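# Notes for the structure review
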Amino acid sequence: MSINALYEHSRSGDKTAEKLLFENLAVSFSVFVRHRTQSPDDVHEVVQEALTTIAAKYRDIEFETSFSAWAYKILEHKLLHYYRAEGQRRARFVTTANQRNDAAYADIDPTLRRRLLDCLKMVSQTRLRHARVLTLHFQGYSIKEICHRLGVTTNNLYVMLSRARTMLKTCLEKGGIE
C-alpha cells in the first residue's frame, strides 16, 4: 500500500494504518538521510525530528499535491537544519582546536623549531615537491586535496610523503641531507 493510501486510511481513524504509515516513513526517510549524513546517530535524530513534526501536523493540513510530497519536504527542511547546525558545530570545534594548537606552539623548544625550519629549507632545496607535500599535510589538507593540488595519484603522494619524512628525520638526526 502506498504512503498516500496509508495516509488516507489513517486520517479516517484507522490506527493500524497510522502505525504502518509512520513505520514506512521511518524506513524510507532513514534510507534517504543515510545517504546524506555521516553518522548513524544523526540519521536517527533527523528522521525522528521529521516524524515528530509530521505527526503533530498531518491531520490538520489539506494537501495540494500529496501527503508524501509534503512529508519529504518536511524531511528536507530538517536535513537543512541539521546541515546548518553541523556546520556551526564544526566551526566552533575548529576555532577551539586552533586555539589549542596556538598554545601548544608556544611551548615548543625554540632551538628545535629553528632546526625544523632549517631542515625544511634543506628538503625544499633538494626536493621542492617533498617539502610542499610536508607543508600541505602539516597545514591539515586531506590526502585527496593534496593529490588534487599537486596532480598526483594517492599512491604517488604516499611515496613522496614517506620520502619527505625520511629526509626530514635524517636532517634532524644528522644535521643535513645526504
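Just so it is clear, the structure is predicted and the values come from calculations on it, not from any experiment.

## Remarks on helix 3 (residues 40-57)
- The terminal C-alpha atoms of helix 3 lie 26 Å apart, and with 18 residues this matches the ideal 26 Å at 1.5 Å per residue to within 8%.
- Where helix 3 is concerned, the buried positions are Asp42, Val43, Val46, Val47, Ala50, Leu51, Thr53 and Ile54. Here the buried residues of helix 3 occupy an arc of 160 degrees about the axis, which is enough to place them on one side. With respect to the buried face of helix 3, the exposed residues turned more than 90 degrees away are Asp41, His44, Thr52 and Ala56.

## Some remarks on the confidence of the model for the protein chain
- Within the protein chain, residue pLDDT values average 84, and 92% of them lie at 70 or more.
- Mean pLDDT in the protein chain bottoms out at helix 4 (residues 67-106), which sits at 77, and peaks at helix 2 (residues 15-34), which reaches 89.

## Concerning helix 8 (residues 154-174)
- Taking 1.5 Å as the rise per residue, helix 8 with 21 residues should run 30 Å; its terminal C-alpha atoms sit 30 Å apart, in good agreement.
- The complete set of buried residues in helix 8 reads Leu157, Met160, Leu161, Ala164, Met167, Leu168 and Cys171. One side of helix 8 carries all its buried residues, which in axial view fall inside an arc of 130 degrees. Projecting away from the buried face of helix 8 at angles above 90 degrees are the exposed residues Asn155, Arg163, Lys169, Glu173 and Lys174.
- Of the residues flanking the end of helix 8, it is Gly175, one or two places downstream, whose phi is positive at about 85 degrees.

## Considering the pattern of salt bridges
- Considering all chains together, one arrives at 5 salt bridges under this definition.
- Its salt-bridge partner being Arg11, residue Glu62 comes within 2.8 Å of it at the nearest N-O pair. Pair noted here: Glu62 is in the loop between helix 3 and helix 4 and Arg11 is in helix 1 (residues 3-11), with a separation of 51 residues, a long-range link.
- What makes Glu62 exposed here is its relative accessible area of 62%.
- A residue is classified by how much of its surface remains accessible, and Arg11, at 32% relative accessible area, is partly exposed.
- Of the charged contacts in the structure, one is a salt bridge between Arg59 and Glu18, with a shortest N-O distance of 2.3 Å. Highlighted residues: Arg59 in the loop between helix 3 and helix 4 and Glu18 in helix 2, separated in sequence by 41 residues.
- What makes Arg59 partly exposed here is its relative accessible area of 41%.
- Bridged by salt links that share partners, the residues Lys15, Glu18 and Arg59 form one connected network.

Conventions we followed
Residues numbered from 1 in each chain as written. Predicted model: local features only at pLDDT ≥ 70, side-chain atom pairs only at ≥ 80, totals over all residues. Heavy atoms only, no water. Helix = DSSP H or I, 4+ residues; strand = E, 2+ residues; numbered from the N terminus. Expected span 1.5 Å × (residues − 1). Buried < 20%, exposed > 50% of the residue type's maximum accessible area, 1.4 Å probe, protein only. Arc of directions from axis to C-beta. pLDDT = per-residue confidence, 0-100. Salt bridge = Lys/Arg side-chain N within 4 Å of Asp/Glu carboxyl O.

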